[in-house]
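Coordinates in review
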Amino acid sequence: MNQTESQASVRPGPPERWISLRELFGILVLFGVLVALSWPGMNSLKVLDDWTQWRHVRDFSGWADCFGPDSFGLLRPAKNLFYYGVFQADLDIPPVWHGATLLLYFAAAAAIYLLLRQVLESKAWSFAAMAIWALSPTQVSTVIWPSCANISLAVVFLCGYLHFHRKAVLRGRFDFRGIVPMSLCLVGGLFTYEAVVSAVGLAFLCDQLRRNAWSRSRVEIQCYVMAFLLTLAFLALRPLTNAVQEAGQFNMGFPPDTEKWQLFVSGPWILCRHLLMWLWPADNIEFASSFIWGESVTPLGAALCWLLVTVLGVAVLAFWKRAPWVAFGVAWFYAASFPTSNFVPVYCGPVEDYYIVLPGIGLAIAVAGLIRLAAAGLKRTSWSAVGRRAAWAALVLLVGWRVSWLPLFHHQAGLWDDPEQLYRSVMNSRPCQYQGALLTANECFGKGRYEEALALCDKVLEDAPWHTDVLPIIGQCLARTGDHDGAKEIFFAELARESSRLPYKRMLWRELAQIHLELEEYESAVGCLEPLVADPRHRHHMPAVFMLAEAWRELGNEQAAREVIEHGMAIYPSHPVMVLRGKAFLGAGKEADPPSGS
């Protein structure tokens, strides 16, 4: 072991193990600010992935099912456990959902502070970096959306892994005392959010900032090897559990003919979009976004992004000694962005605000480093008056720039209480946002604005003619506006597609049954509804019960109608809608029966 390694192995950690009252007070104040800024979205209802994951866990036979893939086929047991726990506890109440999500986010912020207090070795600047991270408007989805709760938990696990990695390196011993907590945190993070595969690279960067030397001690290398092997084991385990390796089969944000080389070439553009979103979130925040090669990004645009990413990478190396925190923060952003920027083309993304949660830690550190450099310039007596004024200007601009986004955080949280406006903000963030247009069209349909919904559907088909998810919305709008033949043509064509999944077919059957009832084609309605009533494990079951009973009654088969209602009441014995409507239906049937002997 050389002299540098010996010094690194005995270098003491932070002098205080426990958090002081001043630190605790600051963190609690920050939590209060987060609650105030997030409050407009605390009563928002389930959207998008929430419904998919909720229906997924509702079919679980027990807790053991949580350790398989989630609703999108990804190996995230922590996400399954979160939703299944809420389901089992019967806590399907919006403030409870969002309160738990906010608490996990707060835990992530506290974990980042405790980690940075070690890495940056400054309490004040660590708190500043953590606050910059926590209050970015791009974090709102993670604060509000229960589908992102696992990301906050992954941040806690990642910070725990980096903390125990650092302790092992400083002790200079790779022993049981260090291996166990490191392994548990890393494995917990990987099974919570697969983007934690960047943990080994982040550990290397933290060690590099501490030592500022390219050589590595034996303990450091042993820690890297252990983490790398655990990461490989996780990646190898995913296919064994039938988890998907690529998100393309579920991700409608890409055209089906998108090639892997196009994703790789577009990787820097995706990274730059995330960087721009964080630096200037106004009108740039995206989720459920879209990508079309040649339109979202041209070959020239991709080439320019490659150049920008390369220049920033060279700047990291050039300024590592002069501005270590800034260089370290940008390098963290690069390393943490790698799993979600499609440099390895797995069809994740393409551009999502919640993909900046882990990389955003690095950007917050970089901004804190710039503010620190400006503040340090004010103390330099050797600087001229012009230099000191420039330092003041930089300090005011940097602080004002981040503080000015706080109202946008509050506004963005309020959008979650109005999904249509939320989706419109995505649709207007840049051209070819057909996903945002599709979601907005669905909201317009739900509000009875059928002509507006059809116009948005036309926009979706203009940008993405392959996007089959738009067809049922068109069919539903046509049915509601009286074009039953056009609606039936669409629904039958979609049912004939071999790739149509069962939940999708159930919705189509229900829509067709509704059309048949309106056209008084009761026998055809019965044919659509009987498969829906036979299986109660889906959201269309209860409406199908009433529709099938109505069809049988119109056909004159009162006995079959009563049996269907009784079947529904046996499955939902305490559901108020089922009980009230069921009793009313049965009562109406008795009144309609002719008197005995007549």
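Digging into the overall build of the chain
Check the secondary structure of the chain and you find 27 helices and 0 strands. Dimensions of the chain along its principal axes, counting C-alpha atoms only, are 110 × 50 × 45 Å. Going through the 598 residues of the chain one by one, you find that 53% of them count as buried. Sequence-distant contacts in the chain: of pairs separated by 6 or more residues, those separated by 24 or more amount to 71%. Surface summary for the chain: the accessible area is close to 27100 Å², and the carbon and sulfur share equals 63%. Both charge centroids of the chain, one from 49 positive and one from 52 negative side chains, sit 18 Å from each other.

Quick look at the state of the cysteines
What is meant by a disulfide is a covalent connection between two cysteines, made through their sulfur atoms. Enumeration over the complete set of coordinates arrives at 0 disulfides. In this structure Cys457 is not part of a disulfide, and its nearest cysteine sulfur, from Cys477, lies 5.7 Å away. Its relative accessible area of 0% is what places Cys457 among the buried residues. Here Cys528 stays unpaired: no disulfide links it, and the sulfur of Cys477, its closest cysteine neighbor, is 20 Å away. A residue is classified by how much of its surface remains accessible, and Cys528, at 10% relative accessible area, is buried.

Let's talk about the environment of Leu235
Relative to the assigned elements, Leu235 resides in helix 11 (residues 218-240). Owing to a relative accessible area of 33%, Leu235 belongs among the partly exposed residues under this scheme. Along the chain, Leu235 and Gln433 lie 198 residues apart, while their C-alpha atoms are 32 Å from each other.

Regarding helix 17 (residues 406-415)
Where helix 17 is concerned, the buried positions are Leu408, Phe409, Gln412, Ala413 and Leu415. Each buried residue of helix 17 sits inside an arc of 150° when the element is viewed along its axis, so together they form one side. Turning to helix 17, the residues buried within the fold contact helix 2 (21-38), helix 6 (123-134), helix 7 (140-144) and helix 18 (419-427).

Considerations on the pattern of salt bridges
Here the structure, examined in full by the defined rule, presents 22 salt bridges. The partner of Asp175 in a salt bridge is Arg171, with the nearest N and O atoms 3.0 Å apart. Its relative accessible area of 26% is what places Arg171 among the partly exposed residues. Here Arg430 ties to Glu286 by a salt bridge, and the two come within 2.8 Å at their closest N and O atoms. On the criterion of sequence distance, the pair formed by Arg430 in the loop between helix 18 and helix 19 (434-446) and Glu286 in the loop between helix 12 (260-279) and helix 13 (299-318) is long-range, its members being 144 residues apart.

Re the confidence of the model for the chain
On average, residues of the chain score 88 in pLDDT, and 93% of them reach the 70 mark or higher. Here residues 1-16 scores under 50 on pLDDT; set against residues more than four positions off or in separate chains, the count is 25 contacts. Counting interchain partners and residues more than four positions distant, the pLDDT-below-50 stretch residues 592-598 has 1 contact.

Observations regarding helix 16 (residues 385-403)
When the terminal C-alpha atoms of helix 16 are compared, their 27 Å separation across 19 residues agrees well with the 27 Å that a helix rising 1.5 Å per residue should span. Listed as buried for helix 16 are Gly387, Ala391, Leu395, Leu398, Trp401 and Arg402. Summarising the axial view, the buried residues of helix 16 lie within an arc of 140°, below the 170-degree limit, and thus occupy one face. Among the exposed residues of helix 16, those oriented more than 90 degrees off its buried face are Val386, Arg389, Val396 and Leu397.

Focus on the nonpolar core
Membership of the largest hydrophobic core comes to 123 residues, with the highest contact counts inside it found for Trp133, Tyr161, Leu162, Phe287, Phe328 and Trp332. Among the elements that take part in this core, helix 15 (residues 357-378) stands out by supplying 12 residues, more than any other. Membership of the second largest hydrophobic core comes to 56 residues, among which are Cys444, Tyr504, Val533 and Ile565.

A short note on the packing of helix 8 (residues 149-171) against helix 11
Where helix 8 meets helix 11, the axes come as close as 9 Å, and the angle between the chain directions of the two elements is 150°. The pairing of helix 8 with helix 11 is recorded here as roughly antiparallel in orientation. For the pair helix 8 and helix 11, the crossing hand works out as right-handed. Within the contact between the two elements, helix 8 uses Tyr161, His165, Ala168 and Val169 and helix 11 uses Val219, Glu220, Cys223, Tyr224 and Ala227.

Points about the side chain of Ser183
Mapped onto the fold, Ser183 is located in helix 9 (residues 176-190). Taking the relative accessible area as the measure of exposure, Ser183 reaches 16% and is therefore buried. With sequence-adjacent residues up to four places away left out, Ser183 is seen in contact with Met226 and Leu230.

Let's talk about the packing of helix 8 against helix 15
One way to put it is that helix 8 packs onto helix 15 with a least axis distance of 10 Å and a crossing angle of 55°. With respect to each other, helix 8 and helix 15 are oriented oblique. Here Ile151, Val155 and Leu158 of helix 8 come into contact with helix 15, specifically with Val357, Leu358 and Ile361.

Criteria and cut-off values
- Residues numbered from 1 in each chain as written.
- Predicted model: local features only at pLDDT ≥ 70, side-chain atom pairs only at ≥ 80, totals over all residues.
- Heavy atoms only, no water.
- Helix = DSSP H or I, 4+ residues; strand = E, 2+ residues; numbered from the N terminus.
- Buried < 20%, exposed > 50% of the residue type's maximum accessible area, 1.4 Å probe, protein only.
- Contact = heavy atoms within 4.5 Å.
- Areas by Shrake-Rupley, 256 points an atom, 1.4 Å probe, with all protein chains shown as cover.
- Lys, Arg positive; Asp, Glu negative; His and termini not counted.
- Charge placed at Lys NZ, Arg CZ, Asp CG, Glu CD.
- Disulfide = S-S within 2.5 Å.
- Arc of directions from axis to C-beta.
- Salt bridge = Lys/Arg side-chain N within 4 Å of Asp/Glu carboxyl O.
- pLDDT = per-residue confidence, 0-100.
- Expected span 1.5 Å × (residues − 1).
- Core = buried A, V, L, I, M, F, W, Y, C linked by side-chain atoms within 4.5 Å.
- Axes fitted to C-alpha atoms, helices over the stretch in contact; angles between N-to-C directions.
- Parallel < 35°, antiparallel > 145°, perpendicular 65-115°, else oblique.
- Left-handed = near helix turned anticlockwise from the far one by under 90°.

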